[in-house]
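Coordinate analysis (summary)
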Amino acid sequence: MVQSATKPEIMDALDKEILNLIQRNIPLEREPFEEIGRAVGTTGDEVIRRIEALKRGRVIRQISAIFDTRVLGYESSLVAAKFAPEKLHSGARAINSHPGVSHNYERNNEFNLWYTVAVPPDSRLGLERTVEVLREISGAEKMRILPTLKLFKIGVTLDMKEGATARKEAPQYGERDRSRADRNISEADKAAIRVLQEDIPLTQRPFDLWAEQAGLEPGELIGKARELQARKIMRRFSAVLYHRKAGFRANAMGVWKVPPERTDEVGQMFAQYQAVSHCYERPTYEDWPYSIFSMVHGRSEEECERVLSAMSEESGITEYDSLYSTREYKKTRVRYFTPEMEAWERLYSGRVR
């Protein structure tokens, strides 16, 4: 039997096929790994064995439900921060203390730290005051709040076979999906979300274990997961990879200066690029003129630049910049409807002047 590899350069074709599949969708079935095995021509046990090896090798980060933060009632935003170089590391640690900070990167720009933060519907601080607290406790010189004004695409799928290319495909999830979502989140929904957001147990019938924790029958939990997806609350149930370990060592945040009358046209155009995982319209500032953000993941900076060049050529937008992450300070999932954020707010709510 061919042994599953854990390094991207020696992963075999079956590993890559499994990774491509599970980034898009884990079947919401009683035996999901058996379904995946049938799709790739092997057994469910072999799929589990390979996923275990890829997790040990830190290629797979987590397999779980992925929810739309906004639909759940959370306020969220990307934030650009400027730090003096000697304060950057300590500042990043202070920002990481907030449980709603899911991504935090150093990037090659005057704004040298970029993070995302979410606060729950019942936050006593709200988003703007939370960012002000983070600015104060981190020692940042300035911060710019860059919330999503329009979602053109969200959904990371790293092509393990071809890398980043200028190939086009329909976005998996965009503004139309978000606008059609059911935002009436019940206590039963929250109970299911608390379970489904965790890392899936690697056993033939993983939903059986979760159902027991939630006090449900397996069929009920699977039905609730399908319902959450149909209501556009859950974007998908899938795997997220450690990008660098998976061979995607470069990620370029392409930021574009787009005339206001072309925002929708250009955003929809960029969202069709398979290599673009996120595409948003965000606000501009005097010191930040870029309104369209498009994240490209590639195996090298050269691969990312080829995609961005193709986007520039097709759109005619020539005023853009590529911001590469040079250090990852934090990357995790926001955990919804848990007590950690309330505890953080109690600790820091008196810090806003």
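The structure presented is a predicted model; accordingly, all values stated were derived computationally and were not measured. (Residues numbered from 1 in each chain as written. Predicted model: local features only at pLDDT ≥ 70, side-chain atom pairs only at ≥ 80, totals over all residues. Heavy atoms only, no water.)

Scanning the entire structure with this criterion turns up 14 aromatic pairs. Centre to centre, the rings of Trp256 and Phe270 are 4.6 Å apart; their planes meet at 50°, and the pair counts as tilted. Pair noted here: Trp256 is in strand β8 (residues 250-256) and Phe270 is in helix α10 (residues 263-271), with a separation of 14 residues, a long-range link. Each member of the pair, Trp256 as well as Phe270, is classed as buried. On the numbers, 6.2 Å between centres and 35° between planes, the contact of Trp288 with Phe293 is tilted. The same class applies to Trp288 as to Phe293, namely buried. Ring pairs connect the aromatic residues Phe111, Trp114, Trp288, Tyr290 and Phe293, which therefore count as one cluster. Across the ring face of Tyr105, the terminal group of Arg107 is positioned such that the distance to the ring centre comes to 5.1 Å. (Phe/Tyr/Trp six-rings, centres within 6.5 Å; stacked < 30°, edge-to-face > 60°. Helix = DSSP H or I, 4+ residues; strand = E, 2+ residues; numbered from the N terminus. Buried < 20%, exposed > 50% of the residue type's maximum accessible area, 1.4 Å probe, protein only. Lys NZ or Arg CZ within 6 Å of the ring centre and 35° of its normal.)

The pairing of strands in a sheet happens through backbone hydrogen bonds and is either parallel or antiparallel. Strand order in the open sheet formed by 9 strands is β5-β2-β4-β3-β11-β8-β10-β9-β6, with antiparallel pairing between adjacent strands. Both outer strands of the open sheet, β5 (142-146) and β6 (150-154), are each paired with one neighbouring strand and no more. Strand-to-strand twist across the sheet, computed as the mean angle between neighbouring axes with direction ignored, equals 25°. Inspection of the sheet shows strand β3 (residues 101-107) paired to strand β11 (residues 320-331) by 5 bridges, in the antiparallel sense. Across the sheet, residue His103 finds its bridge partner in β11, namely Lys331. Here α10 sits on the sheet in contact with β6, β8, β9 (276-281) and β10 (292-298), set at roughly 10° to β6. (Pairing = 2+ DSSP bridges. Axes fitted to C-alpha atoms, helices over the stretch in contact; angles between N-to-C directions. Contact = heavy atoms within 4.5 Å.)

Once that is clear, we can look at unusual backbone geometry. Here Arg58, not a glycine, exhibits a phi torsion of approximately 55°, which is positive. For Arg58, the position within the fold is in the loop between α3 (44-56) and β1 (60-67). The backbone of Phe337 shows a phi angle near 60°, a positive value even though the residue is not glycine. On the accessibility criterion, Phe337 (15% relative accessible area) is buried.

Tallied over the entire structure, the rule returns 0 disulfides. Cysteine Cys279 remains unbridged, with the sulfur of Cys304 as its closest cysteine sulfur at 15 Å. Residue classification places Cys304 among the buried residues on the basis of a relative accessible area of 0%. (Disulfide = S-S within 2.5 Å.)

Nonpolar side chains in soluble globular proteins tend to end up buried together. By size, the foremost hydrophobic cluster in this structure holds 52 residues, and its most contacted members are Ile22, Ile63, Phe67, Leu72, Leu196, Phe207 and Phe237. Discounting chain neighbours no more than four positions away, the residues touching Leu196 are Ser64, Ala65, Phe67, Phe207, Trp210, Leu221, Ala225, Leu228 and Phe237. Of all hydrophobic cores here, the second largest spans 24 residues; its members include Phe83, Leu88, Val133 and Ile145. (Core = buried A, V, L, I, M, F, W, Y, C linked by side-chain atoms within 4.5 Å.)

Below, the discussion takes up the confidence of the model for the protein chain. In low-pLDDT segments, the atomic positions of the prediction should not be examined closely. Here the protein chain shows a mean pLDDT of 92. Residues at 70 or above account for 94%. Residue range residues 1-6 is modelled with pLDDT below 50. Its contacts to residues more than four positions away, or to other chains, number 20 contacts. (pLDDT = per-residue confidence, 0-100.)

Now for helix α9 (residues 218-230). Residues that lie three or four places apart on an α-helix share one face, since the helix turns once every 3.6 residues. Helix length check: α9, at 13 residues, gives a terminal C-alpha distance of 18 Å against a target of 18 Å (1.5 Å per residue), a fit within 8%. If you check which residues of α9 are buried, you get Pro218, Leu221, Ile222, Lys224, Ala225 and Leu228. In a view along the axis of α9, the buried residues occupy a sector of 155°, so they form one face of it. Away from the buried face of α9 by more than 90 degrees, exposed residues Gly219 and Ala230 are located. Looking at the buried side of α9, the elements it contacts are β1, α7 (187-196), α8 (206-214) and β7 (234-241). Looking one or two residues past α9, Lys232 carries a phi angle of roughly 65°, positive in sign. (Expected span 1.5 Å × (residues − 1). Arc of directions from axis to C-beta.)

Take the pairing of strand β2 (residues 75-82) next. Burial within β2 is extensive, with 6 of its 8 residues counted as buried. As paired elements, β2 and strand β4 (residues 113-119) share 7 bridges and run antiparallel to each other. Note on β4: the bridge partner recorded for Ser77 is Val117.

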